[in-house]
Amino acid sequence: MFDLAKAHRSIRSFTPQDIDDSSLNELLLTGLRSSSSGNMQTWSVIVTRDEKNKRELYKLHGKQKMVLEAPLVLTFCADVFRMREWIRLNNSKQSFDDLLGFLTGAVDAVIAAQTICLAAESVGLGICYMGTTWWAASQLIDFLALPEGVFPVTSLVIGYPAEDPALRDRLPLELIVHQEKYKRLSDEEIRETHAEREQKAWARYNAIESVRKKLEKAGITRVTDYYTSEFKYSKERHLRISKMLIETLQEQGLWL
Ligand SMILES: Cc1cc2nc3c(=O)[nH]c(=O)nc-3n(C[C@H](O)[C@H](O)[C@H](O)COP(=O)(O)O)c2cc1C
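It should be emphasised that the depicted structure is a prediction, and the values quoted were computed from it without experimental measurement.

Draft legend 1. How the structure looks around a nonpolar patch on the surface. A surface patch of nonpolar side chains, amounting to about 360 Å² of accessible area, comprises Leu171, Leu173, Ile176 and Val177. Mapped onto the secondary structure, isoleucine 176 falls in helix 9 (residues 173-176).

Draft legend 2. Just helix 3 (residues 51-60), in detail. Along helix 3, the positions that sit buried rather than exposed are Lys54, Leu57, Tyr58 and Leu60. Down the axis of helix 3, the smallest arc covering the buried residues is 160°, so these residues share one side. Buried residues belonging to helix 3 abut strand 1 (43-48), helix 4 (66-69), strand 2 (72-79) and helix 8 (137-143). With a side-chain oxygen positioned 3.0 Å from the backbone nitrogen of lysine 52, the residue opening helix 3 is aspartate 50.

Draft legend 3. Layout of the site of the ligand. The local shell around the ligand holds 13 residues, among which His8, Ser10, Arg12, Gly131 and Arg168 are the closest. The contact in question runs from an oxygen atom of the ligand to an N or O atom on the side chain of arginine 168, over 2.6 Å. For the ligand, the protein covers 65% of the area, taking 620 Å² as the surface of the free molecule. Per element, the largest residue contribution to the shell around the ligand is 3 residues, and it comes from strand 3 (residues 126-130). Tallied by class, residues from the shell around the ligand come to 4 nonpolar, 5 polar and 4 charged.

Draft legend 4. Geometry of the packing of helix 10 (residues 187-207) against helix 11 (residues 209-218). For the pair helix 10 and helix 11, interaxial distance at closest approach is 5 Å and the crossing angle is 105°. By the angle between their directions, the pair helix 10 and helix 11 is classed as roughly perpendicular. Contacts between helix 10 and helix 11 involve Trp202, Tyr205, Asn206 and Ala207 from the former and Glu209, Val211, Arg212 and Leu215 from the latter. Broken down by class, the residue content of the contact of helix 10 with helix 11 amounts to 5 nonpolar, 1 polar and 2 charged.

Draft legend 5. Representation of the sheet that holds strand 4 (residues 150-159) in the model. One open sheet holds the 4 strands; their spatial order is 1-2-4-3, and the pairing between them is antiparallel. Two strands lie at the open edges of the sheet, namely strand 1 and strand 3, each paired on one side alone. Averaged over neighbouring strand pairs, the angle between their axes works out to 25° when direction is ignored. Two strands pair when backbone bridges link them, and strand 1 and strand 2 are joined in this way by 6 bridges, in the antiparallel orientation. Within strand 2, the residue paired with valine 45 across the bridge is phenylalanine 76.

Procedures and definitions
Residues numbered from 1 in each chain as written. Predicted model: local features only at pLDDT ≥ 70, side-chain atom pairs only at ≥ 80, totals over all residues. Heavy atoms only, no water. Patch = residues over 30% accessible without salt bridge, like charges linked within 9 Å, V, L, I, M, F, W, Y side chains within 5 Å. Areas by Shrake-Rupley, 256 points an atom, 1.4 Å probe, with all protein chains shown as cover. Salt bridge = Lys/Arg side-chain N within 4 Å of Asp/Glu carboxyl O. Helix = DSSP H or I, 4+ residues; strand = E, 2+ residues; numbered from the N terminus. Buried < 20%, exposed > 50% of the residue type's maximum accessible area, 1.4 Å probe, protein only. Arc of directions from axis to C-beta. Contact = heavy atoms within 4.5 Å. Polar contact = N/O pair within 3.5 Å; in protein donor to acceptor, adjacent residues only side chain to side chain. Near = heavy atom within 4 Å. Nonpolar A, V, L, I, M, F, W, Y, C, P; charged D, E, K, R; others polar. Axes fitted to C-alpha atoms, helices over the stretch in contact; angles between N-to-C directions. Parallel < 35°, antiparallel > 145°, perpendicular 65-115°, else oblique. Pairing = 2+ DSSP bridges.

Here you go:
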C-alpha cells in the first residue's frame, strides 16, 4: 500500500484498451466503502464512457486530450439532493441546502474519488484529476442534468497508461507538516525550501515544446510568473470563476 501510494504519477495518455464492466463496478464499490460525514454518503458520481458524451466533456474540460483518450471519465459531485428528498418524503425537518451541506458533500466526494484512484492504480490503471471541473461547473450541471443540491467538485480520467512519466517533485515534508501549532516560515526559509521546486518545475515546463514557446512569447522567466499568468491561475480568471461558482451554488441551492 505504501509503495503503491508513493509511486503515484498522474497519467495523461492512455491506450485504447477499455475498462470492462466488472472492473468498473469493483472500482465504484471500493469508492462506496469510503468514510463519509455521518455515513450520509452525500456524493454521486457520473460515469461517462460514451464517445459522444466524452467529446462534450472534452470541450468543457478545456480540450484536455486525455478526456478523449481515456476510456472512462468520472465526475464526482457533492449531492444533498438524495438526502433532502428522503427527508421530504418522511416529512422530517429540512436541512443541507446551504454552504455547509455543499462542503460536507464535496469532502465526501473527494474522499471517494481518492479511494477509487488508489484502487485503480493498484490494478495498473492510470488516473488524472481535472481541476477544470470547477471552471466548467455551470456547464457540467446542464450537460450532466444535475438537479438542485448536486454540484460537480472533481473529475477523473481513468485508463491503461500509454506513458511512464517520472515522479514529480514534492515539497519537503517539514513544510507541509506542523508539530502542534502552525509554524510560519521566514522569507529566507521560503526562498531556500522552494529553490529546488522552482528549478525543477521550470525545467519541466520548458521541456514541453508548446509551453516553452508560450513562455518565451509572453516573456515569462519564472515559474511563479507562469502560475499567475493568463495561461494558468491568473487573478482575473480566479475572480471570474469564483463569481460563477457563487452564482451557480446559489442556483443549485447550496449557498445559504
Ligand atoms: C484537484 C486536482 C486538479 C487537477 N487538475 C488537473 C488538470 O485539469 N489537468 C491536468 O493535466 N492535471 C491536473 N491535475 C494533476 C496535477 O497536475 C498533478 O497531480 C500534480 O502536478 C502532481 O503530479 P503527480 O500527480 O504526477 O504527482 C490535478 C490534480 C488535482 C489534485
